[in-house]
Amino acid sequence: MSHLLGLARAARLIGVSRAALQQRIKDGNLHAFDGMITTEELLKAYPDLTLEDSGVFERTLKIKEEAFGRRVRERSLPPKEVLAERVFEQSRELGDVKLHLQRYHALVTGLQSEVRDLMERSGPSAREALRHLDGWVEGELRRVLGETEEPDSLALMDDMLRVMSAHVTLRPSQHDFLVEGADSILEAGLKAGLALNYGCSTGNCGLCKARVISGQVMKIRHFDYVFTEAERQQGYTLMCCHSPVDDVTLETLEAGSAQDIPTQQITARVKAVQALDADMRLLHLQTPRSSRLRFLAGQSLTLGLAGAGTAEFVIASCPCDDRNLQFHVERGQGGAFGKMVFDGLRVGDSVSLYGPWGDYLLDDESQRALLFIAFGRGFGPVKSMVEHALAREASERIDLAWAAAPGGHYMVNQCRYWADALDNFRYRSYELLAPDRPAMDRFAARIAEDYPDFANHAVYLAGPSDYLTVARESLAEAGLPPQRMHAIAC
Ligand code: FES
């Protein structure tokens, strides 16, 4: 008997991205019913599937983990209380199924004895028909009870997965994700690249409140926030302090645009300053545990340092790791603050954060293939958006074109790593030409040649503003519709 699976769970089981499954559904190669897929359909669409193939998924997961920092890397089993509740829930489900089966069996054997009674009391022609019916029921019962069907391996894996993880669906967006390990609902939602509403992450502010529509959640962390009687009665929970016991549906707010993200002021500490090359530094700041930065991929922050003033930088890390913030700072960029990054900033120093700013954001609902074009240090914001796109599984295809001065592809290993590990990711490097029209026309012609279908992509450009202005004109001339171009100056 086939088993129904949600998209996130089906993708997890067979080791492909959700975007890949969505594409198959769109192409008519996989049938979904109300957002659900049967294990039978899944095996039909992937006939060569072996369960070991889930290694592909593990590789993708590893990339996300390495990209998203230590907090995200701390994967473990769910807390034992949550595990016990999940096993209990599954046992209860199994008990219900068993009871139903016993009742059906009693119904069929009762029917059979009714038929036999009727046979005794009927005339010859009806008796013949009833004998035939009795023989059929007897034969079917023997067949059904004696037959040992091949177990549905995907369904078995899914039962196992349901103990290790739980599926969350959000309303009204219908976004969904899995909660694994010791994560709270909030942590898992952020890792899935969703812009959930939250504040402190520690159970004090109440901003991560969500209404439980179906399913059960369990407290995994202490919280001080006090629910009103009305909130309690309506089934509100705090996403930062709870984990799902079984598959749950929650009603909650998500940011739909930059306007939904509040301006925040936080004091962070310098975690590391690392030389990426002679002229580029990676500045790693860490916020306090109870004061994380809520932002969207592609946004920037104003950083301030006592004695060195302030400067604005685009964030180069994923919003799914809201404590560990990275910036790529080029020599000569950011005035006195930038100078301090190269000469004087020490681990542990306090840096004030103010923001976030900017509304050139990744449209992760568009489902178009993504083409990121970075000019020099524009790789910083592109890295944030690529990591976010990977977390969201936003696109079936991600292309990255990075134009830099000779020796200036300062994180080329990161790009190669993505390209080696992900089937849907391609990376090409280019030489950085002058930001003038003839040079950018040549560059746009190369892009049009290397990505023949680029007019159908959503294209994100990032780099110094003198490059962006000219590149937009040249790319439009080469056939890219201007409404598909988004640009982030940095
Ligand atoms: S984010 Fe503040 S209570 Fe959950």
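Everything in this summary refers to the structure shown in the same document.

The rules behind these values
- Numbers given to residues run from 1 along each chain, matching the order in which its sequence is written.
- The predicted origin of the model limits local features to residues at a pLDDT of at least 70 and limits the giving and counting of side-chain atom pairs to 80 or more, whereas totals for whole chains, interfaces and linings rest on all residues.
- In this scheme, strands are said to pair when DSSP sees at least two bridges between them.
- The way it works is that DSSP assigns letters per residue, a run of H or I at least four long becomes a helix, a run of E at least two long becomes a strand, and they are numbered from the N terminus.
- The axes are straight lines fitted to the C-alpha atoms, using for helices just the contacting stretch, and the angles between their N-to-C directions are given from 0 to 180°.
- In this description, any two residues whose backbone-derived C-beta atoms lie within 7 Å of each other are considered to be in contact.
- Counts of 20 or more other C-beta atoms within 10 Å of a residue's own C-beta define buried residues, counts of 12 or fewer define exposed ones, and intermediate counts define partly exposed ones; C-beta atoms are placed from the backbone.
- Geometric relationships in this document are graded by angle, where less than 35 degrees denotes roughly parallel, more than 145 denotes roughly antiparallel, 65 to 115 denotes roughly perpendicular, and other angles denote oblique.
- Two helices cross in a left-handed way if the nearer one is turned anticlockwise from the farther one by less than a right angle. They cross in a right-handed way if the turn is clockwise.
- Three categories are distinguished: nonpolar for Ala, Val, Leu, Ile, Met, Phe, Trp, Tyr, Cys and Pro, charged for Asp, Glu, Lys and Arg, and polar for the others, with Gly belonging to the last.
- A set of buried residues drawn from Ala, Val, Leu, Ile, Met, Phe, Trp, Tyr and Cys, joined through C-beta atoms within 7 Å, is what defines a nonpolar core.

1. Topic: the sheet that holds strand S18 (residues 425-431)
Adjacent strands of a sheet form backbone hydrogen bonds with each other and so pair up, either parallel or antiparallel. Read across the sheet, 5 strands follow the order S18-S17-S16-S19-S20 without closing on themselves; strand pairing throughout is parallel. One side of each edge strand has no neighbouring strand; the edge strands of this open sheet are S18 and strand S20 (485-489). Going from strand to strand, the sheet's axes swing by 15 degrees on average, the running direction of each strand aside. When strand S17 (residues 398-404) meets S18, the two strands line up parallel, connected through 7 bridges. Across the sheet, residue Leu 400 finds its bridge partner in S18, namely Tyr 427. In the packing of helix H13 (residues 412-421) onto the sheet, contacts are made with S17 and S18, and the angle to S18 comes to roughly 150 degrees.

2. What about the sheet that holds strand S4 (residues 176-180)?
Reading across from one edge, S4-S3-S9-S5-S7 is the order of the 5 strands in this open sheet, with mixed pairing throughout. Two strands lie at the open edges of the sheet, namely S4 and strand S7 (236-238), each paired on one side alone. Strand-to-strand twist of the sheet, defined as the mean angle between neighbouring strand axes without regard to direction, takes the value 40 degrees. Strand direction decides the pairing type here: strand S3 (residues 165-171) and strand S9 (residues 248-251), joined by 4 bridges, are parallel. Its bridge partner lying in S9, Leu 170 is registered against Leu 250. Helix H1 (residues 7-14) rests against S3 and S4 of the sheet, and its axis sits at about 55 degrees to S4.

3. Structural notes on the environment of Tyr 410
By the secondary structure assignment, Tyr 410 is in the loop between S17 and H13. Given 23 C-beta atoms within a 10 Å radius, Tyr 410 is considered buried. For the pair Tyr 410 and Asp 277, spaced 133 residues apart in sequence, the C-alpha to C-alpha distance is 6.1 Å. Among all residues touching Tyr 410, those that are not within four sequence positions of it are Leu 276, Asp 277 and Met 280.

4. Notes on the packing of helix H6 (residues 80-121) against helix H7 (residues 124-146)
It is at 9 Å that the axes of H6 and H7 come closest, and there the two elements cross at 155 degrees. The orientation of H6 with respect to H7, classified from their angle, is roughly antiparallel. Crossing handedness for the pair H6 and H7: left-handed. For the pair H6 and H7, the contacting residues are Val 108, Gln 112, Val 115, Arg 116, Leu 118 and Met 119 in the first and Arg 127, Leu 130, Arg 131, Leu 133, Asp 134, Val 137 and Leu 141 in the second. Partitioned by chemical class, the residues of the contact of H6 with H7 number 8 nonpolar, 1 polar and 4 charged.

5. Describing unusual backbone geometry
Leaving glycine aside, a negative phi is the common case for residues, and trans is the common case for peptide bonds. Going from Arg 171 to Pro 172, the amide bond is cis rather than trans, its omega being 10 degrees. Mapped onto the elements of the fold, Pro 172 is located in the loop between S3 and S4. Of note in the backbone geometry, Gln 174 takes a positive phi value of approximately 70 degrees without being a glycine. Along the polypeptide, Gln 174 turns up in the loop between S3 and S4.

6. Points about the nonpolar core
Counting residues in each nonpolar core, the largest one holds 108 residues, and the members touching the most others are Met 239, Phe 372, Val 382, Leu 400 and Tyr 460. Per-element tally for this core: the top contributor is helix H12 (residues 379-392), with 7 residues. The residues contacting Tyr 460, other than those within four sequence positions of it, are Leu 362, Leu 370, Phe 372, Val 382, Met 385 and His 486.

7. What to know about the pairing of strand S11 (residues 280-286)
Look at any regular strand and the pattern is simple: side chains alternate between the two faces of the sheet. With respect to burial, S11 is a largely interior element, 5 of its 7 residues being buried. Here 7 bridges tie strand S10 (residues 264-277) to S11, and the two strands are oriented antiparallel to one another. Bridged to Ala 275 within S11 is Arg 281. Hairpin connection from S10 to S11: 2 residues lie between these consecutive antiparallel strands. Both S11 and strand S14 (residues 324-330) contribute to a ladder of 7 bridges, which runs antiparallel. Looking at the pairing, Arg 281 lines up with Val 329 of S14.

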